[in-house]
Amino acid sequence: MFNLILFGPPGSGKGTQSANLLNKYKLQHISTGDLLRDEVTRMTPLGSEAKKFMDQGMLVPDEVVIGMISSKIDETENARGFIFDGFPRTKQQAIALDNLLDFKNTPINLVLALEVPDEELTKRILNRALTSGRVDDTEEVIKKRVEEYRAKTEIVASHYEDMDKVERINGEGTVEEIFALLCSEIDKVILPE
Ligand code: AP5
Ligand code: MG
């Protein structure tokens, strides 16, 4: 199996690049943001708990997200591997993910960290707000999400840097240019079928 974490701040292009990578490498996509938005839309108890945090740009509590990921991994038997998008977002989540994958004997192989300056992030997300209908795309909420990223999520990169699994990628440029950079890193580590 090949397990990839696509890492980076809000608006860095994780969702955009995941869609292309899934096709090319036939991996299973796990985006906690998408899963949470789905719970909110279906008005489940988990969704209404999560919504309180998401609407303010704050991280949803670890235990909620970890429980959700754990059942998602379990229900996806026979996957060739996973792309984790927007998860893990705290050190606690990273430790929980490592434990879950240990149990399955299939570790994280690579963490690709997209680096994009704050002004460009805000510009991209505000632009996306015009078409996506995502309610977390107001300027105030974006600012809070970036703050949460700097305060709680950036540290996840150091967790995997200690294991020598992180490659930093310049996330500015065209979608195609960034895709090519990501693929060249993946091709260095992916196991042939
Ligand atoms: P989530 O949905 O994960 O949002 P995010 O990480 O904040 O990231 P985005 O989805 O906004 O950005 P992205 O990196 O996917 O960029 P995209 O490809 O869309 O999380 C939302 C909320 O859910 C959180 O705030 C939190 O409350 C909660 N949550 C989720 N996971 C959680 C967790 N693990 N723990 C706790 N809480 C959690 O691109 C952005 C825009 O830019 C698009 O319009 C795109 O077309 C455009 N674009 C992409 N690439 C380029 C490029 N190269 N050049 C120009 N434009 C580009
Ligand atoms: Mg996304």
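Conventions we followed
- Residues numbered from 1 in each chain as written.
- Chains lettered and ligands numbered in written order.
- Predicted model: local features only at pLDDT ≥ 70, side-chain atom pairs only at ≥ 80, totals over all residues.
- Heavy atoms only, no water.
- Buried < 20%, exposed > 50% of the residue type's maximum accessible area, 1.4 Å probe, protein only.
- Helix = DSSP H or I, 4+ residues; strand = E, 2+ residues; numbered from the N terminus.
- Arc of directions from axis to C-beta.
- Contact = heavy atoms within 4.5 Å.
- Near = heavy atom within 4 Å.
- Polar contact = N/O pair within 3.5 Å; in protein donor to acceptor, adjacent residues only side chain to side chain.
- Nonpolar A, V, L, I, M, F, W, Y, C, P; charged D, E, K, R; others polar.
- Pairing = 2+ DSSP bridges.
- Axes fitted to C-alpha atoms, helices over the stretch in contact; angles between N-to-C directions.
- Phe/Tyr/Trp six-rings, centres within 6.5 Å; stacked < 30°, edge-to-face > 60°.

Peer 1: Sorry if this is basic, but what is going on with helix α3 (residues 45-54) here?
Peer 2: Residues separated by three or four positions in an α-helix point in the same direction, a consequence of the helix having 3.6 residues per turn. Three or more residues of α3 are buried, namely G47, A50 and M54. The buried residues of α3 occupy one face: seen down the axis, they fall within an arc of 70°. In this structure, the buried side of α3 is in contact with α2 (32-41) and α7 (139-161).

Peer 1: Explain the site of ligand 1 to me, please; I cannot follow it from the model alone.
Peer 2: Not every one of the 30 residues close to ligand 1 is listed here, only the nearest: T16, T32, M58, R128 and R145. One nitrogen or oxygen atom from the main chain of G13 is found 3.1 Å from an oxygen atom belonging to ligand 1. Residue assignment for the shell around ligand 1 shows that the elements contributing at least two residues are α1 (14-25), α2, α6 (118-132) and α8 (175-189). Tallying contributions element by element places α2 first for the shell around ligand 1, with 4 residues. Here the residues of the shell around ligand 1 are counted per class, giving 11 nonpolar, 11 polar and 8 charged.

Peer 1: How do you make sense of unusual backbone geometry when you look at a structure like this?
Peer 2: Negative phi values dominate among residues other than glycine, just as trans dominates among peptide bonds. Omega for the bond connecting F87 with P88 falls within 30 degrees of zero, at -5°, which places this linkage in the cis form. Summarising the element assignment, P88 is placed in the loop between β3 (82-85) and α5 (91-103). The backbone phi angle of N105 is positive, close to 60°, even though this residue is not glycine. Note on placement: N105 falls in the loop between α5 and β4 (110-115).

Peer 1: I'm lost on the sheet that holds β4 in this one. Help?
Peer 2: The strand order across the open sheet built from 5 strands is β2-β3-β1-β4-β5, with neighbouring strands paired in parallel fashion. One side of each edge strand has no neighbouring strand; the edge strands of this open sheet are β2 (28-31) and β5 (166-170). Strand-to-strand twist in this sheet, taken as the mean axis angle between neighbours without regard to direction, amounts to 20°. Two strands pair when backbone bridges link them, and strand β1 (residues 4-7) and β3 are joined in this way by 3 bridges, in the parallel orientation. Residue pairing in the sheet places L4 in a bridge with I83 of β3. Most of the contacts of α2 go to β2, to which it runs at about 65°, and overall it touches β2 and β3.

Peer 1: What is the right way to look at the side chain of E185 in this model?
Peer 2: Tracing the backbone shows E185 in helix α8. Judged by relative accessible area, E185 falls into the buried class, the value being 15%. Setting aside chain neighbours within four positions, we find E185 in contact with L110, L112, E167 and I169.

Peer 1: Is there a simple way to explain the packing of aromatic side chains in this structure?
Peer 2: Ring pairs (aromatic) are described by centroid distance and by the angle formed between their planes. Enumeration over the complete set of coordinates arrives at 3 aromatic pairs. Aromatic side chains F7 and Y149 sit 5.9 Å apart centroid to centroid with 45° between the ring planes, which places their arrangement in the tilted category. Placement of the pair is F7 in strand β1 and Y149 in helix α7, with a sequence separation of 142 residues. By the burial criterion, F7 is buried, and Y149 matches it. Measuring from centroid to centroid gives 6.4 Å for F84 and F87, while their planes differ by 45°, and the two rings are tilted. Assessed through its relative accessible area of 2%, F87 is described here as buried. Three or more aromatic residues joined by ring pairs make a cluster, and in this case those are F82, F84 and F87.

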